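One letter stands for each residue in the lines below.
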Amino acid sequence: MKINIQETFQQTVQGEGYHSGRPCDFIRLYGCPVGCFFCDTGYAYPDGEYYRKQTPKETRTFEELIKELKSEYVVISGGEPFIHKKLPELCKALINAGKDVGIETSGSYWQDIPRDVFITLSPKEHLNPKYPVLDIFWDRANEFKLVISTGQELDLYIHQLDNFEGFLYLQPEYDDFKNSIQKTLNLLKINHDFKLSLQTHKILNLP
């Protein structure tokens, strides 16, 4: 079985959220319709120089992906992983290979994946209202991680989080860190259930 890949990298660490600091491998799936301005894969700039420098789409078999894994924990990211029809099968294959699996998603698409997959909901509805968070994620996600740039991002989601039972994180947007960290800290002062998430892999210059 095959799936479209943008890139993979091994023996790095998860730099964000609950699993921050945990050694892991990444499988970055190809494609995303949302178009976030801070996208680190270039999907927000389909005609720009940054995008052209990115690794082109590559089709890989599950067996090839599993063979190259080095870590116990595997994070499936993107792009948007849930647009891939074979995502559930990929999760099952990784679990059958003895791996812990996490997925990072905007929450705007859903497929029925195994219950023990750790889901990071990082919503982008405030950036593009065409891609709202589906209701299932407020029950199914294990953590909520919101990238902060303007300081107003949380307003859209705060009431939907009233009954959310997962971990809560606010993460300053890295490219404008000097401004975004202060806005994030201000939000943390009045939203006591949240914790700070830093992109420690970028601070450490890891992939």
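Worth saying up front: this structure is predicted, and the values here are computed from it rather than measured.

J.: Can you explain the nonpolar core? Please cite residues and give values.
T.: Nonpolar side chains in soluble globular proteins tend to end up buried together. One finds Ile76, Phe144 and Leu161 to be the most contacted residues of the largest nonpolar core, which totals 37 residues. Examining the composition of this core, we find that 5 residues originate from one element, helix α3 (residues 87-96), more than from any other. Formed by 6 residues, the second largest nonpolar core is a distinct cluster that contains Phe9, Cys24, Val75 and Phe118.

J.: Tell me what's going on with the pattern of salt bridges, and back it up with residues and numbers.
T.: What the rule picks out here adds up to 7 salt bridges. Taking the shortest distance from any N to any O, the salt bridge between Glu7 and Arg28 comes out at 2.8 Å. With Glu7 in strand β1 (residues 2-13) and Arg28 in strand β2 (residues 23-29), this residue pair connects regions lying 21 residues apart in the sequence. On the basis of relative accessible area, Arg28 is assigned to the buried category, the value being 10%. When salt bridges that share partners are traced, they join Glu58, Arg60, Glu64 and Glu68 into one network.

J.: Which residues make up helix α5 (residues 177-190), and what values go with them?
T.: Under the 1.5 Å per step criterion, the end-to-end length of α5 is 20 Å for 14 residues, consistent within 8% with the ideal 20 Å. Within the sequence span of α5, burial applies to Ser180, Ile181, Thr184, Leu187 and Leu188. Taken around the axis of α5, the buried residues stretch over an arc of 125°, which confines them to a single face. Set apart from the buried face of α5 by more than 90 degrees, the exposed residues are Lys178, Lys189 and Ile190. Lining the buried residues of α5 we find β7 (143-148), β8 (167-172) and β9 (195-196).

J.: Summarise the sheet that holds β7; cite the residues concerned and give the values.
T.: Ordered in space as β3-β1-β2-β4-β5-β6-β7-β8-β9, the 9 strands form an open sheet in which the pairing is mixed. Two strands close off the open sheet at either side, each with one partner strand: β3 (58-61) and β9. Note that strand β6 (residues 118-121) and β7 share 2 bridges and pair parallel. Paired with Thr120 across the bridge in β7 is Glu143.

J.: Can you tell me about the environment of Ser106, naming the residues and giving the values?
T.: With respect to the helices and strands, Ser106 occurs in the loop between β5 (100-105) and β6. The sequence separation of Ser106 and Phe82 amounts to 24 residues, and the corresponding C-alpha distance is 8.9 Å. Engagement of the side chain of Ser106 in a polar contact is seen with the side chain of Ser108, the distance being 2.8 Å.

J.: Which residues make up the pairing of β1, and what are the values?
T.: Here β1 pairs with β3 via 4 bridges, running antiparallel. Bridge pairing in β3 links Asn4 to Thr59. Pairing of β1 with β2, which is carried by 6 bridges, proceeds in the antiparallel orientation. Its bridge partner lying in β2, Thr8 is registered against Ile27.

J.: Can you break down the pairing of β8 residue by residue, with the values?
T.: Here β8 lies mainly inside the structure; 5 of its 6 residues are buried. As defined by bridge partners, β7 adjoins β8 across 6 bridges and the pair is classed as parallel. Of the residues in β8, the one forming a bridge with Val147 is Gln171. Crossover handedness for the path β8 to α5 to β9: right-handed.

J.: Go over the packing of aromatic side chains, please, and point to the residues and values.
T.: With the rule as written, the count across this model stands at 12 aromatic pairs. A ring pair is formed by Phe9 and Phe26, whose centres lie 5.2 Å apart and whose planes are at 20°; its orientation type is stacked. Pair noted here: Phe9 is in strand β1 and Phe26 is in strand β2, with a separation of 17 residues, a long-range link. Taking the relative accessible area as the measure of exposure, Phe9 reaches 13% and is therefore buried. For Phe26, a relative accessible area of 8% corresponds to the buried category. Ring geometry for Tyr18 and Phe118: centres 6.0 Å apart, planes at 25°, overall stacked. One end of the pair, Tyr18, is in the loop between β1 and β2; the other, Phe118, is in strand β6, with 100 residues separating them in the sequence. The partly exposed category is assigned to Tyr18, whose relative accessible area is 43%.

Rules behind the numbers
Here the residue index of a chain counts from 1 through its sequence in written order. Reporting of local features is limited, given that this is a predicted model, to residues whose pLDDT is at least 70; pairs of side-chain atoms are given and counted only at 80 or more, and all residues count toward the totals for whole chains, interfaces and linings. Computation of side-chain values covers all heavy atoms of the structure but excludes hydrogens and water. Nonpolar cores are built from buried Ala, Val, Leu, Ile, Met, Phe, Trp, Tyr and Cys residues. Side-chain atoms within 4.5 Å join them into one set. Classification of residues uses two cut-offs on accessible area relative to the type maximum, computed with a 1.4 Å probe and protein chains only: under 20% is buried, over 50% is exposed, and between them is partly exposed. Secondary structure elements are taken from DSSP: a helix is a run of H or I of four residues or more, a strand is a run of E of two residues or more, and numbering for both begins at the N terminus. We define a salt bridge as a contact between a side-chain nitrogen of Lys or Arg and a carboxyl oxygen of Asp or Glu at a distance within 4 Å. Expected helix span is given by 1.5 Å per residue-to-residue step, counting one fewer step than there are residues. Our arc is simply the arc of the directions from the helix axis toward the C-beta atoms. Here a residue-residue contact requires only that any non-hydrogen atoms of the pair lie within 4.5 Å. Here, strands pair whenever DSSP counts at least two bridges between them. Polar contacts here mean pairs of N or O atoms no more than 3.5 Å apart (in protein, one a potential hydrogen donor and the other a potential acceptor; neighbouring residues in sequence count only if both atoms are side-chain atoms). Note on handedness: a clockwise path from strand one over the helix to strand two, with the strands aimed away from the viewer, defines a right-handed crossover. Pairing of aromatic rings covers Phe, Tyr and Trp, the last through its six-membered ring, and needs centres within 6.5 Å; plane angles under 30 degrees mean stacked, over 60 mean edge-to-face, and all others mean tilted.

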